[in-house]
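Structure assessment
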Amino acid sequence: MSRSEGYNVAVAGATGAVGGAMLEVLERRNFPVKELRLLASERSVGKKLVFKGKEIAVQLLTKDAFAGINVALFSAGGSRSLEFAPAAAAAGAVVVDNSSAFRMEPDIPLVVPEVNPQDIALYRNRGIIANPNCSTIQMLVALKPVYDKVGIRRIVVSTYQAVSGTGAKAIEELKKQAQAYAAGDEIKHEVYPHQILFNCLPHIDSFLDNGYTKEEMKMVNETRKIFGDPSIGVTATTVRVPVFYGHSEAVNIETEKKITAAEVKALLADAPGVKLVDRPDLSQYPLAIDCQGKFETLVGRIREDESIANGINMWVVSDNILKGAALNAVQIAEVLIDRYIS
């Protein structure tokens, strides 16, 4: 099998927001698809989705649905990944899973292609590759060139995450709250424990015994695994904000060796997957409203931290549905077919 012949691809969770984005990315990047199999739960069976101008009917996600599939992209939730991903791998597919189900498994690679593409080779262990958390992905795309150049001792990150990271119901809740406010009606909330409109919630996922949330500890643990550096210090505060799409992050790093802001800008200007947007004199800096639909991670507000000797601050913004999920998964699949699957 080769690029010219094409590959049989399955998308599990095809009718969800990320599943739909996976179809978009496969088409936009001209991934060599021979057969596309769309899989979802029973309530979506028979629904038709469009890929390259053709309608394809959604089939039921079962353990027997992966016969003949080369690459299976999963965005069906952690419980379904645990149930069906091993079956897909057993059928001969390489699974790229977008859930948190396998991320911290020691024998399953956790991959950002711009950061640790070499780890993709470890798919041979269990036939599964894990897609990292959206906030981790964009941060490490921005930090990788600096890490390689001067090393990073410590990362302090605060995130400002869009409601689309929670799902379609959260998007709808923010819309309804805005409509209720405009109409002078009572603002109600169900998805989040508090109103999200005009608010910031320092609460993403459940709280742990150490006072952090699961989302915050994902960033800590995933960063260490992807960099292959258990010594790196990472602390995170993750916040949900009333934005539909695009996660923003204030990232502060302490480097092992001195690097200037100008040197960081020069590194990132040529970094894969990064678009430098750093002209504060012209009010040009990364904005969530500008990243939607873009493949690049936007980085700006790069400046030296004057409170420590080797400190750098930056502002990092990315489309959480694309680079934070669907795009990263497809990029992993591209490396797979280019280097490993023949």
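Now for a quick tour of the structure. Please read all numbers here as calculations on a predicted model, not as lab measurements.

What counts, and where the lines are drawn
- Residues numbered from 1 in each chain as written.
- Predicted model: local features only at pLDDT ≥ 70, side-chain atom pairs only at ≥ 80, totals over all residues.
- Heavy atoms only, no water.
- Helix = DSSP H or I, 4+ residues; strand = E, 2+ residues; numbered from the N terminus.
- Expected span 1.5 Å × (residues − 1).
- Contact = heavy atoms within 4.5 Å.
- Salt bridge = Lys/Arg side-chain N within 4 Å of Asp/Glu carboxyl O.
- Phe/Tyr/Trp six-rings, centres within 6.5 Å; stacked < 30°, edge-to-face > 60°.
- Buried < 20%, exposed > 50% of the residue type's maximum accessible area, 1.4 Å probe, protein only.
- Lys NZ or Arg CZ within 6 Å of the ring centre and 35° of its normal.

1. What about helix 1 (residues 17-28)?
When the terminal C-alpha atoms of helix 1 are compared, their 16 Å separation across 12 residues agrees well with the 16 Å that a helix rising 1.5 Å per residue should span. Elements in contact with the buried residues of helix 1: strand 1 (7-12), strand 2 (33-40), strand 3 (48-51), strand 6 (71-74) and helix 8 (322-340). One or two positions beyond helix 1, positive phi appears at Asn30, with a value near 55 degrees.

2. Observations regarding the pattern of salt bridges
This model, assessed by the stated rule, comprises 15 salt bridges. For Glu334, the salt bridge identified is with Arg29, shortest N-O distance 2.8 Å. Placement of Glu334 in helix 8 and of Arg29 in the loop between helix 1 and strand 2 is noted, with a sequence separation of 305 residues between them. The partner of Arg279 in a salt bridge is Asp281, with the nearest N and O atoms 2.7 Å apart. Through salt bridges that share partners, Glu105, Asp107 and Arg126 make up one connected network.

3. What about the packing of aromatic side chains?
Under the definition given, this model contains 5 aromatic pairs. Geometrically, the ring pair formed by Tyr160 and Trp315 is tilted, given 5.5 Å between the ring centres and 45 degrees between the ring planes. On the criterion of sequence distance, the pair formed by Tyr160 in strand 9 (residues 152-161) and Trp315 in strand 14 (residues 311-318) is long-range, its members being 155 residues apart. Since its relative accessible area comes to 32%, Tyr160 is described here as partly exposed. For Trp315, a relative accessible area of 23% gives the class partly exposed. Just above the ring of Phe295 sits the side chain of Arg28; from NZ or CZ to the centre is 3.9 Å.

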